[in-house]
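# Secondary and tertiary structure notes
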Amino acid sequence: MIMLVLFSLFSQWVLAQSSPSVMESSGKIYVVLATVIAIYIGIIVFLTIIEKKMSNLERQIKE
Amino acid sequence: MKRHWWKILGALLIAYALIAGLLIPLNTGILDIHPDNALLGEKINVQINAYNAHFDEANEIQVWLKLDSVHFLNGTDIKVQSNTEMTANFDLPSIGLANNRTSQSATLIVDNEIDGYALLPGALQISANKDSLALKSTAVWSNQLGQLHKNEKLTFPYRNILYETIRNLFYHVPLWFAMLIIFFISMIYSILYLRSKEKRHDHAAYALTQVGILYGILGLITGAIWAKWTWGAWWSFDVKQNMSAVAMLIYLAYMVLRSSFEDYEREARISSVYNIFAFTTLIPLLFVIPRLYDSLHPGNGGNPGFGGEDLDHTMRMVFYPAIIGFTLLGIWLANLSYRYLKLKETWIDRD
Amino acid sequence: MEILRQVRTLVTKEFLLEWRSKYALGGILLYVLSTVFIVYNGFIRVSPPTWNVLFWIISLFTSVNAVTKSFSSENGQRQLYYYSLMNPTAVIFSKVIYNSLLLILLNVLTYFVFGIIAGDPVRDKGLFFLAIFLGSIGMAVTFTFISAIANKARNASTLIAILGFPLIIPILVSLIKISANALGVITDTAVTQDVMTLLAIDAILLALAYILFPFLWRD
């Protein structure tokens with residue numbers, strides 16, 4: 001959960017850094033790109049969290 | 001393979017939403033014209049900037065000004081500069097504004113056989129004042145429009161301000177729909193748990209809520225990104241933004257509640273009760289709040305919506321599969337989390 | 001009929017307990033007074049729209065304070081005793097009835113105190129008291145139920161705010177809208193519809209509390 005919040009803050013920071021002209025160019029298609037990337041990263045973060053919990057459990061089972 | 005068909009379906013639908021949603025071009029639209037105001041009776045030369053147009057390749061370009069349903073004016077001397085730029089002359093008549101109005105806006109219509117026709121409502125502000133009285137024009141309005149071409153190609157509608165971001169409809173809005181479906185299934189599992197007291201039902205409810213929260217947060221982030229470059233601010237206190245933020249608060253509270261028990265049976269039972277209570281209060285939240293705010297702010301600050309005619313046939317063809325795709329992907333993600341919870345449970349209960 | 005008798009007994013018990021430990025009621029009354037006074041000192045001149053929102057915010061916090069103790073004040077043994085004696089439906093209904101009455105009293109009191117200190121812009125008194133009535137019931141049901149949930153967990157007092165505030169938002173928003181009508185801040189022909197919606201929310205919450213409470217009670 002904390003990772004998700006951090007990620008959201010970070011992504012907004014990154015987008016705030018990028019110059020508005022880039023996001024406004026080519027009919028604002030980069031806004032769509034940013035949206036798709038945000039969803040992609042969100043899903044990857046979710047999978048990473050499960051993966052991490054899984055590894056912890058595996059380690060416990062081995063011990 | 002038989003057990004996994006829905007995962008394949010989900011992946012295919014999302015791939016379809018990505019490919020079709022990004023590759024189908026936008027319809028032709030008019031970005032702006034210059035000048036955007038004129039006097040009655042004036043002869044003007046207008047510069048027209050279009051989006052996704054093919055003026056260079058087109059042969060039968062027509063330009064019209066439409067004041068109302070019986071006042072049309074054909075543009076002459078059309079000079080094409082590039083695929084998206086051209087100029088046209090308009091010879092405005094001396095009369096024509098409705099009921100002694102001093103100013104009225106006209107719609108610009110651009111038509112050619114490749115792109116079909118495109119409109120820009122409110123393109124030209126036509127005024128009548130003492131300067132315009134001095135201009136004596138012999139031009140007259142025509143009472144009907146010439147034959148327009150219709151674009152038969154597969155395109156998404158063009159909207160000013162939105163431009164290409166109209167495609168976000170396939171990636172941002174389905175998250176919200178899928179979130180609601182997932183929270184609903186989660187509530188069903190909570191009811192099942194209270195009836196059966198089987199741990200697997202509670203695990204399913206918990207896992208689904210996790211994915212629902214993921215989708216909710218992603219929905220807020222993608223919405224903020226979209227809002228920043230269309231409405232101008234990350235957060236503009238729009239009804240739907242507030243609603244989804246409150247929904248997130250309700251379900252984040254569910255996570256906090258789950259972590260404040262020592263005894264598993266009690267945790268499962270009480271958080272199931274809360275889950276049912278929370279989803280039911282989500283319903284007035286979805287139906288009451290928008291109605292209340294709409295009556296307070298008619299027009300809703302001019303933000304573009306996607307109801308009715310805005311959601312055209314081509315968009316539906318991508319939008320609905322995207323909803324199903326995101327829901328199935330969500331259930332897949334929840335399934336992973338569910339299997340982890342079950343494994344952990346068997347490991348803890350092993351002796 | 002048995003349930004009705006039990007409800008009556010329990011409501012009487014609540015009132016008796018409250019009466020005996022006068023400091024609790026007195027504390028809440030003092031709380032209302034000091035909040036209103038602080039708010040007034042902060043704003044000094046209160047326009048009707050601000051008055052409206054402030055009133056309901058004060059009312060919200062008063063409700064949380066008043067209702068929170070409905071389950072936490074009962075210790076484990078006494079709960080066990082009730083459990084062996086009473087029907088859970090009777091328990092939740094008696095708590096809801098008692099808390100609704102208490103909140104109606106407190107909200108009316110807040111209204112008078114606020115009216116004396118910051119002025120009384122209410123034009124349609126009937127509609128405003130209807131809003132107080134329905135709002136008190138809605139808040140009573142929600143917070144009673146939430147405090148029943150939170151009381152089963154650790155750090156109950158934090159949980160009540162976390163769980164309760166988001167859930168109260170639909171009620172609070174419709175209340176502010178209805179009383180804005182009563183204050184004449186906005187005029188809306190659909191105000192009957194808003195009252196009906198609020199009534200429907202109250203009914204749904206009450207039904208849910210009735211269905212779900214036995215699962216909380218059984219311990």
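Owing to the predicted nature of the structure, the values given are computational and were not obtained by experimental measurement.

## Quick word on the overall build of chain C
When helices and strands are counted, chain C shows 8 helices and 0 strands. Listed by position from the N terminus, the elements making up chain C come as α-α-α-α-α-α-α-α. Taken over C-alpha atoms, the radius of gyration comes to 18 Å for chain C, in line with the 17 Å a tight globule of 219 residues would show. Here chain C, with 219 residues, has 42% of them falling under the buried criterion.

## Thoughts on the interface of chain C and chain B
Contacts between chain C and chain B engage 25 residues on the former and 25 residues on the latter. Elements represented by at least two residues in the side of chain C that touches chain B include exactly helix H6 (125–150), helix H7 (156–183) and helix H8 (191–217) of chain C. In terms of residue count, the dominant contributor to the side of chain C that touches chain B is H7 of chain C (10 residues). In terms of residue class, the side of chain C that touches chain B is built from 18 nonpolar, 3 polar and 4 charged.

## Here we look at the nonpolar core
Judged by nonpolar contacts, the single largest core of 133 residues is most densely connected at Leu208, Tyr274 and Ala278 of chain B together with Ile149 and Leu163 of chain C. Among the elements that make up this core, the one with the highest residue count is helix H4 (residues 199–230) of chain B (16 residues). Among residues more than four places away in sequence, those in contact with Ala278 of chain B are Ile250, Tyr251 and Tyr254 of chain B together with Leu167 of chain C. Listed in part, the 27 residues of the second largest apolar core include Ile30, Val63, Ala106 and Val110 of chain B.

## Digging into unusual backbone geometry
Residue and element names in this part refer to chain B. A cis amide bond links His34 to the next residue, Pro35, at an omega of -5 degrees. Counting through the fold element by element, Pro35 comes out in the loop between strand E1 (29–34) and strand E2 (37–39). In this model, Lys197 sits at a positive phi of 60 degrees, which is unusual for a non-glycine residue. Residue placement: Lys197 occurs in the loop between helix H3 (173–196) and H4.

## Section: the sheet that holds strand E5 (residues 71–74) of chain B
All names here are of chain B. Spatially, E2-E9-E8-E4-E5 is the arrangement adopted by the 5 strands of the open sheet, whose pairing is mixed. Two strands in the sheet have a free side with no partner beyond their single neighbour: E2 and E5. Adjacent strand axes in the sheet meet at a mean angle of 35 degrees, parallel and antiparallel pairs treated alike. For strand E4 (residues 62–68) and E5, the ladder comprises 4 bridges, and the chain directions are antiparallel. Within the sheet, the bridge partner assigned to Leu65 lies in E5 and is Leu73.

## Some points on the sheet that holds strand E7 (residues 85–91) of chain B
Residue and element names in this part refer to chain B. One open sheet accounts for 4 strands, arranged E1-E3-E7-E6; its pairing is antiparallel. Two strands lie at the open edges of the sheet, namely E1 and strand E6 (76–80), each paired on one side alone. Ignoring which end each strand starts from, the neighbouring axes of this sheet average 25 degrees apart. In this structure, strand E3 (residues 43–51) lies alongside E7, joined through 7 bridges in antiparallel fashion. Within E7, the residue paired with Gln47 across the bridge is Thr87.

## Observations regarding the interface of chain B and chain A
For interface size, the figure often reported is the accessible area lost on association. If you look at the interface, chain B gives 26 residues, while chain A gives 26 residues. Top contributing element to the side of chain B that touches chain A by residue count: H4 of chain B, with 9 residues. Here the residues of the side of chain B that touches chain A sort into 18 nonpolar, 5 polar and 3 charged.

## Notes on the confidence of the model for chain C
Low pLDDT marks stretches whose predicted atomic positions should not be read closely. All names here are of chain C. Of the residues in chain C, 95% have a pLDDT of 70 or more, and the chain-wide mean is 83. Mean pLDDT in chain C bottoms out at helix H4 (residues 76–85), which sits at 70, and peaks at H6, which reaches 90. For this predicted complex, the interface confidence score (ipTM) comes to 0.86, while the overall pTM stands at 0.85.

## Description of the packing of H3 of chain B against H4 of chain B
Residue and element names in this part refer to chain B. With their axes 8 Å apart at the nearest point, H3 and H4 run at an angle of 160 degrees to one another. Classified by the interaxial angle, the pair formed by H3 and H4 is roughly antiparallel. Like other packed secondary-structure pairs, H3 and H4 cross with a definite hand, here left-handed. Here the residues of the contact of H3 with H4 sort into 16 nonpolar, 9 polar and 1 charged.

## Some details on helix H5 (residues 239–258) of chain B
Here H5 of chain B spans 29 Å end to end across 20 residues, near enough to the 28 Å set by a 1.5 Å rise per residue. Residues of H5 of chain B that are buried include every one of Met243, Ser244, Val246, Ala247, Ile250, Tyr251, Ala253, Tyr254 and Leu257 of chain B, and no others.

## Considering the pairing of strand E9 (residues 116–127) of chain B
Residue and element names in this part refer to chain B. Bridge count for E2 against E9 is 3 bridges, and the pairing is parallel. Its bridge partner being in E9, Ala38 is matched across the sheet by Ile126. One ladder, built from 9 bridges, connects strand E8 (residues 103–112) with E9; its direction is antiparallel. Note that in E9 the partner of Asn112 across the bridge is Gly116.

## Some remarks on the pairing of E8 of chain B
All names here are of chain B. Taken together, the 5 bridges between E4 and E8 define a ladder with antiparallel strand orientation. Considered in E8, the bridge of Trp64 is made with Ile109. Hairpin remark: E8 followed by E9, antiparallel, with 3 residues in the connecting loop.

## Quick notes on helix H2 (residues 22–43) of chain C
All names here are of chain C. With 22 residues, H2 should cover 32 Å at 1.5 Å per step; its first-to-last C-alpha distance of 32 Å lies within 8% of that length. Regarding H2, the residues found buried are Val32, Thr35, Val36 and Val39. In an axial view of H2, the angular spread of the buried residues amounts to 95 degrees, which keeps them on one side of the axis. Away from its buried face by more than 90 degrees, H2 exposes Lys22, Tyr23, Gly26, Leu30, Ser34, Ile38 and Asn41.

## Looking at the environment of Ile57 of chain C
Residue and element names in this part refer to chain C. Relative to the elements of secondary structure, Ile57 occurs in helix H3 (residues 48–72). When the 14 C-beta atoms within 10 Å are taken as the criterion, Ile57 is described as partly exposed. Sequence separation between Ile57 and Leu172 is 115 residues, and the spatial gap between their C-alpha atoms is 8.6 Å.

## Some words on the arrangement of the chains
Across the 2 pairs of chains in contact, the largest number of contacts is found between chains A and B. Kept free of each other, chain A and chain C leave a smallest C-alpha distance of 16 Å between them.

So, how was this worked out
- Residues numbered from 1 in each chain as written.
- Chains lettered and ligands numbered in written order.
- Predicted model: local features only at pLDDT ≥ 70, side-chain atom pairs only at ≥ 80, totals over all residues.
- Helix = DSSP H or I, 4+ residues; strand = E, 2+ residues; numbered from the N terminus.
- Rg over C-alpha atoms; globule rule 2.2 N^0.38 Å.
- Buried ≥ 20, exposed ≤ 12 C-beta atoms within 10 Å, placed from the backbone.
- Contact = placed C-beta atoms within 7 Å.
- Nonpolar A, V, L, I, M, F, W, Y, C, P; charged D, E, K, R; others polar.
- Core = buried A, V, L, I, M, F, W, Y, C linked by C-beta atoms within 7 Å.
- Pairing = 2+ DSSP bridges.
- Axes fitted to C-alpha atoms, helices over the stretch in contact; angles between N-to-C directions.
- pLDDT = per-residue confidence, 0-100.
- Parallel < 35°, antiparallel > 145°, perpendicular 65-115°, else oblique.
- Left-handed = near helix turned anticlockwise from the far one by under 90°.
- Expected span 1.5 Å × (residues − 1).
- Arc of directions from axis to C-beta.

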